[in-house]
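Next come the chains, spelled out residue by residue.
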Amino acid sequence: MKRVLVHVGAPKTGTTFIQDLLFQHRESLAEQGILYPAHRFDAHFLAALDLMELPWGGLEQQAVGAWDDLAERVRAFDGTSIVSHEILARASRDQVKRALDSFGDAEVHVVLSARDLVRQIPAEWQENVKHRRVLDYGAFLDRIMNPARTGELASWFWGVQDVPDILDRWGSTLPPEHVHLVTVPPSGAPRGLLWERFASVFGLDPTAYVTESERANPSLGALETDYLRRVNQRVNGGVLANEHYREFVRELLAHRTLSQRSDSPRLSLPQRARTWATELSQEWVKELGDRGYDVVGSLDELVPQPAPDDFVDPDLPAHDDDVALDATVALLREAARLRSDNDRLWREKEAAVRALDEAAGPVLRLKRRVVRASETRPTVRRALGVYRRLRGR
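This structure is a prediction, so every number in the text was calculated from the model and none was measured. Position labels on residues start from 1 in each chain and follow its written sequence. At least 70 in pLDDT is required for a residue's local features to be given in this predicted model, at least 80 for side-chain atom pairs to be given and counted, and no such filter applies to totals for whole chains, interfaces and linings, which use all residues. Working from all heavy atoms in the structure, the side-chain values ignore hydrogens and water.

Draft legend 1. Here's a closer look at the overall build of the protein. Only DSSP runs of H or I covering at least 4 residues are called helices, and only runs of E covering at least 2 are called strands; the numbering of each starts at the N terminus. Counting its regular elements, the protein contains 17 helices and six strands. For each residue, the accessible area found with a 1.4 Å probe, counting protein chains only, is set against the maximum for its type, and the residue is called buried under 20%, exposed over 50%, and partly exposed in between. Looking at the protein as a whole, 45% of its 393 residues are labelled buried. Entry remark: accessible area of the protein is about 20700 Å², with carbon and sulfur atoms responsible for 51%. Where accessible areas are quoted, they stem from the Shrake-Rupley method and a 1.4 Å probe; at the residue level, only the protein chains shown are allowed to cover.

See below:
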């Protein structure tokens, strides 16, 4: 049977881990009759951008035609295909219809992974900060909690986090048993449980795959996130290009340095926001239970667990100087590494030029010396120009 499993998010529910696992094992999956159609890790991201016609820092230009290419590969495959990217959660009803229609006569299943709001809301603020946003935590919470849900930030957040709404947009034309809700286990659950839940939906043996992922989207502490936000205030506005921001701020500072500070206070919700999120989650659980979806895990896991009053407000001015010191040391080490690499490449180039000179005849060696001298000495450069004009070159 031709079957398509469309995993549509949500962000911060283990999606990067799952996509990396599927990409790493795509060849062995194909041998078992399961297609993960991706020639590069971000192939499904580009396809989602194309489907939804989303602007994304210029990447949307690379994405043109990506969804049609993916859908064509799915239609041509006689077996089960898996499509996965978290921004698909934001798709409108028209975009969902286009996506489902593009799979032809295949049996379509929609998969959504979801986590309780008390963990999702701080995670979304962190992702905003890691994408150059400068809104402080209190202002972010105010916009999220506004019942009107207006504005770009609130519209995006609820588009990818409102579980009943996402499943209604993606699953309203499908039988309820073809809509699979995978709940993210609570903190302290056995390692590997989330993968076991995904594997059961995908029809895979969870023990047959190496689950060490080379990619991660690690979390930051409260102080580290606000430090990054303040860095954004200094480097936005043309100070740092997007490609340099991704390399030095998001990857080097956020992912490889600040996320390693395990003793830092974790980002959580103040009591007013926790109470509101818990009440909303309880409403969702009742609504989802009435729809008859296939729940892998437990709807109760979407209701936030009680937590001690340990909220640390990242907006307060009491900052940890060690955060800045760790970031500075990381940047200095990277600068030193880049300088060393540059010096090494320069030495290798000089050695290669010397080897060519030794292998060449006297006349050719003289010509090369003249050309090299013309790069730094104006008189030699002018003389070389006269010589070339006379030779008609």
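Draft legend 2. Broad picture of the packing of aromatic side chains. Two aromatic rings, drawn from Phe, Tyr or Trp (for Trp, its six-membered ring), form a pair once their centres lie within 6.5 Å of each other, and the interplanar angle then sorts them: stacked below 30 degrees, edge-to-face above 60, tilted otherwise. As enumerated under the stated definition, the model contains twelve aromatic pairs in all. With 6.4 Å between their ring centres and 90° between their planes, phenylalanine 140 and phenylalanine 157 make a pair best called edge-to-face. Of this pair, phenylalanine 140 sits in helix H8 (residues 137-145) while phenylalanine 157 is found in helix H9 (residues 152-161), placing the two residues 17 residues apart along the sequence. Across the pair, exposure class does not vary: phenylalanine 140 and phenylalanine 157 are buried alike.

Draft legend 3. Examining the nonpolar core more closely. Residues enter a nonpolar core if they are buried and are Ala, Val, Leu, Ile, Met, Phe, Trp, Tyr or Cys, with the set joined through side-chain atoms within 4.5 Å. The biggest cluster of nonpolar side chains holds 79 residues, and the ones touching the most others in it are Trp67, Leu88, Phe103, Trp170 and Leu181. In this analysis, two residues are considered to be in contact whenever any of their non-hydrogen atoms come within 4.5 Å of each other. Those residues within four positions of leucine 181 in sequence are excluded, and the remaining contacts are Leu112, Ala114, Val163, Leu167, Leu288, Asp294, Val295, Val296, Leu299 and Leu302. With 23 residues, the next largest nonpolar core counts Ile18, Ala38, Val111 and Val201 among its residues.

Draft legend 4. Seen up close, the pairing of strand S1 (residues 3-7). Summarising burial for S1: four of the five residues are buried, a large majority. In this description, strands pair whenever DSSP reports at least two bridges between them. Bridge analysis of S1 against strand S3 (residues 80-84) gives five bridges, and the strand direction is parallel. By the bridge assignment for S3, histidine 7 is matched with serine 84. Two elements, S1 and strand S4 (residues 107-114), share five bridges in a ladder whose sense is parallel. When the bridges of S4 are listed, valine 6 appears paired with valine 110.

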